[in-house]
Amino acid sequence: MTPGGQPTILHADLDAFYASVEQLLDPTLRGIPIAVGGGVVLAASYEARAFGVTGGMSGRRARQLCPALRFVGGHFHEYQRLGDEVMAVFRDFTPLVERISIDEAFLDVAGAITLFGSPIGIATSIRRRVKDEIGLPISIGVAGTKHLAKIASQVAKPDGLVVVPIGQEREFLNPLPVGLIWGVGAVTRTRLAGVGVRTIGELAETPNSYLRHLLGSAAGDKLSSLATNVDPRRIQTTRSAHSVGAQAALGRRVVTPDLTRTTLGYLADRVGGRLRAAGVAGRTITVRVRFADLRAVTRSITVPAALSATLTLTEVATALADVALADHPHEREITLLAISVSQLVDQASLQLELPLELQDSERRPGTRTGAARWVVDRSVDLIRSRFGRDAIGYASVKFADVGHVPDGFRELAEHAPE
DNA sequence: TCTGGGGTCCTAGGACCC
DNA sequence: TCTGGGGTCCTAGGACCC
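Residues numbered from 1 in each chain as written. Chains lettered and ligands numbered in written order. Predicted model: local features only at pLDDT ≥ 70, side-chain atom pairs only at ≥ 80, totals over all residues. Heavy atoms only, no water.

A. Up close: the domain arrangement of chain A. In terms of domain boundaries, chain A breaks down into domain 1 (1–163), domain 2 (171–227) and domain 3 (243–414). The C-alpha-based centres of domain 1 and domain 2 are spaced at 26 Å. Counting from both sides, the interface comprises 8 residues of domain 1 and, opposite them, 9 residues of domain 2. Across the domain 1 to domain 2 interface the summed buried area is about 700 Å²; carbon plus sulfur atoms make up 89%. At the surface where domain 1 touches domain 2, the tally comes to 0 salt bridges. (Domains from an automatic or database assignment. Contact = heavy atoms within 4.5 Å. Buried area = accessible area lost by both parts, 1.4 Å probe. Salt bridge = Lys/Arg side-chain N within 4 Å of Asp/Glu carboxyl O.)

In structure tokens form, the structure reads like this:
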């Protein structure tokens, strides 16, 4: 923030992104309620939102609320392409762009004022260019901090611009519901409502010690700092992932060794491929099992040498799932399996660890070494990059019937907007 | 409400070390 | 043998976000 000056942090957020892209690509969809997705609504146009349709809602529920709702297929590559184009517009004004998903970003325009004029002028120009050159509606919040700019862009929606002048933060925030605060979801909102706190103004009057008691120290401090308008977070132009994961919802399936091995093999294949593509490997492997009542448990292990080989990940994940299942012997059905790999390290440093992994596998005659597995995986990755994902794979994985979620959907979910 | 997938961050307890 | 603080790492669970 610029003390005593003008706010220079922008939060720019495309409106109903997937749905807006569909309406851009197909003019017959404009002005009518549409939803992207099928079983689950990924995005709803504003015409659909008027009926109460929201992202994350089941398709059946959405149809009940809005019988005229049109479901449209996802043009996943178009979403990525247009999202990239919008980011390029941002970068025409400042290099300080922090993209936080496919369709939203923070910008710090303090250094762009001499070239392009006031932050408000820049925000106006961005909105006009995104509309004229790309054809998409976008909302922008302008404020002194990231937190405040994000709240302002939500207030600006749809297709609007909201500025919070320095010194007027309290007047702006006080009447707003606490749910607009980033990090306040259904649970926290309910807990706050239980003690009579519904607006940010009421939150600001609540002592920090009481918030810490109610919500825990970190959440309490965070809410207090918002109330006093302290937010030291800078714009980060590069952010590296802390974990890579994949999951598969299974419906209700009776758990068998074959089911877990096959599904985890498929997931390990995806995760391993993405780790290797990013040039990283991970030391902590976590498996999540969800039972029929939607209760989920996790089991994890941290190994000395970072992993990215598909078969090794499969073996570790299978062993972890066995532990989780053994701890819940009365659960006969599961509804989801997931693998996540964290404690990521660069593959360059992984090379140093390979002899360790090699030693380990040498104690198990008949298994291929970690190094050999890594080489095989790299070959598979290369072939796939040229001929497509289905060109090659481990037999047990290739024929798994767990891949019914389209790959485009999965790639998209890595940056999902809603 | 029950037809998703991929992430981040926080808490709390225990092991272990100094 | 008992008491104690500080720090790090690991594991399990949960809230939240897009």
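Now that the structure is up, let's keep going.
B. Fine view of the packing of helix α13 (residues 257–278) against helix α14 (residues 310–326). Closest axis-to-axis distance for the α13/α14 pair is 8 Å, and the angle between their directions is 135°. One way to sum up the angle between α13 and α14 is to call them oblique. In this structure, α13 crosses over α14, and the sense of that crossing is right-handed. In this structure, α13 uses Thr260, Arg261, Leu264, Gly265, Ala268, Asp269, Gly272, Leu275 and Arg276 to contact α14, whose residues at the interface are Thr310, Leu311, Leu313, Thr314, Glu315, Ala317, Thr318, Ala321 and Leu325. By residue class, the composition of the contact of α13 with α14 is 8 nonpolar, 6 polar and 4 charged. (Axes fitted to C-alpha atoms, helices over the stretch in contact; angles between N-to-C directions. Helix = DSSP H or I, 4+ residues; strand = E, 2+ residues; numbered from the N terminus. Parallel < 35°, antiparallel > 145°, perpendicular 65-115°, else oblique. Left-handed = near helix turned anticlockwise from the far one by under 90°. Nonpolar A, V, L, I, M, F, W, Y, C, P; charged D, E, K, R; others polar.)

C. Spatial organisation of the sheet that holds strand β11 (residues 296–307). As summarised here, the arrangement of the 4 strands in space is β9-β12-β10-β11, forming an open sheet in which the pairing is antiparallel. Each edge of the open sheet carries a strand with a single partner, namely β9 (243–254) and β11. Neighbour-to-neighbour, the strand axes of the sheet open up by a mean angle of 15°, direction not taken into account. Examined bridge by bridge, strand β10 (residues 280–291) and strand β12 (residues 333–346) share 11 bridges and lie antiparallel to one another. (Pairing = 2+ DSSP bridges.)

D. Summary view of the pairing of strand β5 (residues 97–101). As paired elements, β5 and strand β6 (residues 104–108) share 4 bridges and run antiparallel to each other. Bridge pairing in β6 links Ser101 to Glu104. Counted between consecutive antiparallel strands, the loop separating β5 from β6 contains 2 residues.

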